Amino acid sequence: IQGHRLDYRVDQGVARITMAAPEARNAVDRGWCQSFAEVTRECSADPAIRVVVLAAQGEVFSVGGDLDHFVSARARIAAEAFEMTQLLHAGLMRLAQGRAPVVSAVQGVAAGGGLSLALSGDLVIASRRARFVTAYSRSGLTPDGGLTWWLPRIVGARKAFELLALNETLDADQALAAGLITRVCEHEQLDDTVSQMVNQLLGMSAAALAGLKRLMALSAASSLAEQFEHESAMMADTLVRPETSAMLDAFLARRQARPKGQS
């Protein structure tokens with residue numbers, strides 16, 4: 001599917017949502033938000049999708065909101081911003097609540113809403129050319145895309161406010177040290193690194209990964225006692241699934257086949 005500034009395709013259980021406007025530095029405008037909402041609706045409704053990859057064409061991952069678009073819509077700018085963010089947030093919520101893990105592949109600058117998109121991944125792989133900056137306060141805006149939810153949970157409230165207020169740019173190694181991303185690789189190895197991770201995920205239980213995503217989401221609003229209950233219920237639900245039974249049988253068969261004394 002070719003949407004506005006966006007490409008969407010599914011192949012062998014992997015959905016790829018690719019920002020496709022490198023000439024505009026993958027800036028996000030209303031048309032993109034509409035396309036993103038539509039493809040995430042289709043993605044979340046497809047039970048065959050096992051992994052989602054969020055990527056971008058060109059040298060820049062995304063500079064976030066298209067400020068030229070906001071200026072051109074100045075006569076109704078408040079309504080335009082509200083409607084755009086509602087579309088963006090609906091798409092991000094579908095990915096967050098979906099069963100499939102999301103892998104972000106960040107090859108260049110991720111700024112503003114582009115940073116929100118990058119951090120929406122359950123796993124975030126960055127090339128050494130990647131740069132991460134909040135950028136909102138520089139243009140007089142407040143954050144969107146869930147950034148005020150993700151950042152405090154990743155780096156803590158103090159560091160999150162510093163990053164959001166002062167617009168410090170982090171390179172890939174600094175972002176890794178801060179916990180913003182999962183892994184750093186050489187720029188030329190980004191595609192291979194993402195493919196290797198996708199293949200690892202495809203080799204795991206879809207039910208277990210979906211359960212893990214659900215438990216991680218529940219933990220944000222649960223007490224320890226409540227999370228214990230969620231974990232018990234999820235474990236019981238997972239164990240009765242045929243794919244879990246088959247994986248347990250295969251694991252036990254491999255263990256029994258090992259030479260005595262080998263761990």
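Note: the structure precedes this text.
Reference entry: report on the structure contained in this document. Treat the numbers as computed from the prediction; the structure is a model and nothing was measured. Counting restarts for each chain: residues are numbered from 1 in the order of the written sequence. Per-residue local features of the predicted model are confined to residues with pLDDT of at least 70, and side-chain atom pairs are confined, for both listing and counting, to 80 or more; whole-chain, interface and lining totals are unaffected and use all residues. Just so you know, side-chain values use all the structure's heavy atoms and leave hydrogens and water out.

1. Remarks on a nonpolar patch on the surface
- Only residues whose relative accessible area exceeds 30% and that form no salt bridge are eligible for patches; like-charged ones are grouped when within 9 Å, while nonpolar side chains (Val, Leu, Ile, Met, Phe, Trp, Tyr) are grouped when within 5 Å. Residue-level accessible areas treat just the shown protein chains as cover; the underlying method is Shrake-Rupley with a 1.4 Å probe. Whenever a carboxyl oxygen of Asp or Glu lies within 4 Å of a side-chain nitrogen of Lys or Arg, that contact is scored as a salt bridge. Together, M235, L239 and L248 make up a nonpolar patch on the protein surface, roughly 290 Å² of accessible area in all.
- Looking at where M235 falls in the secondary structure, it is placed in helix α10 (residues 224-239). In DSSP terms, a helix is any run of H or I states spanning at least four residues, a strand is any run of E spanning at least two, and both are numbered starting from the N terminus.

2. Quick word on helix α9 (residues 206-219)
- Expected span of a helix, by definition, is 1.5 Å for each gap between consecutive residues, and there is one gap fewer than residues. Taking 1.5 Å of rise per residue, 14 residues should cover 20 Å, and α9 covers 20 Å from first to last C-alpha, within 8% of that figure.
- Any pair of residues with heavy atoms lying within 4.5 Å of one another is described as a contacting pair. Buried residues along α9 sit in contact with α3 (77-97), β5 (102-106), α8 (190-202), α10 and α11 (242-257).
- Where α9 begins, the capping side chain belongs to S205, and its oxygen is found 3.3 Å from the backbone nitrogen of A207. Polar contacts, as counted here, are pairs of nitrogen or oxygen atoms within 3.5 Å of one another; within protein the pair requires one atom able to donate a hydrogen and one able to accept it, and residues that are adjacent in sequence qualify only if both atoms are side-chain atoms.

3. Quick word on the sheet that holds strand β6 (residues 109-111)
- DSSP bridges decide pairing: two strands pair if at least two such bridges lie between them. The sheet built from three strands is open, its strands ordered β6-β8-β9 with mixed pairing. The sheet is open, and its two edges are formed by β6 and β9 (170-171), each paired on a single side.
- Pairing between β6 and strand β8 (residues 131-133): three bridges, direction parallel. For A111, the partnering residue across the bridge sits in β8 and is V133.

4. A look at the pairing of strand β3 (residues 14-19)
- Whether a residue is buried, partly exposed or exposed follows from its accessible area with a 1.4 Å probe, protein chains only, as a fraction of its type maximum: under 20%, in between, or over 50%, in that order. The buried fraction of β3 amounts to five of the six residues, a majority that puts the element mostly inside the structure.
- Bridge analysis of strand β2 (residues 6-11) against β3 gives six bridges, and the strand direction is antiparallel. Within β3, the position partnered with R9 by the bridge is R16.
- As consecutive antiparallel partners, β2 and β3 are separated by two residues, and within that stretch Q12 has a phi angle of approximately 50 degrees, a positive value.
- Here β3 runs beside strand β4 (residues 51-56); their pairing, made up of six bridges, is parallel.

5. Brief notes about the pattern of salt bridges
- Taken as a whole and assessed by the stated rule, the structure comprises 15 salt bridges.
- D122 serves as the salt-bridge partner of K213, at 3.3 Å between the closest nitrogen and oxygen. Remark: D122 occurs in the loop between α4 (113-119) and β7 (123-127) and K213 occurs in helix α9; sequence separation between them is 91 residues.
- Look at K213 and you get buried, because its relative accessible area is 11%.

In short, the description is geometric, and any link to function would need to be established separately.
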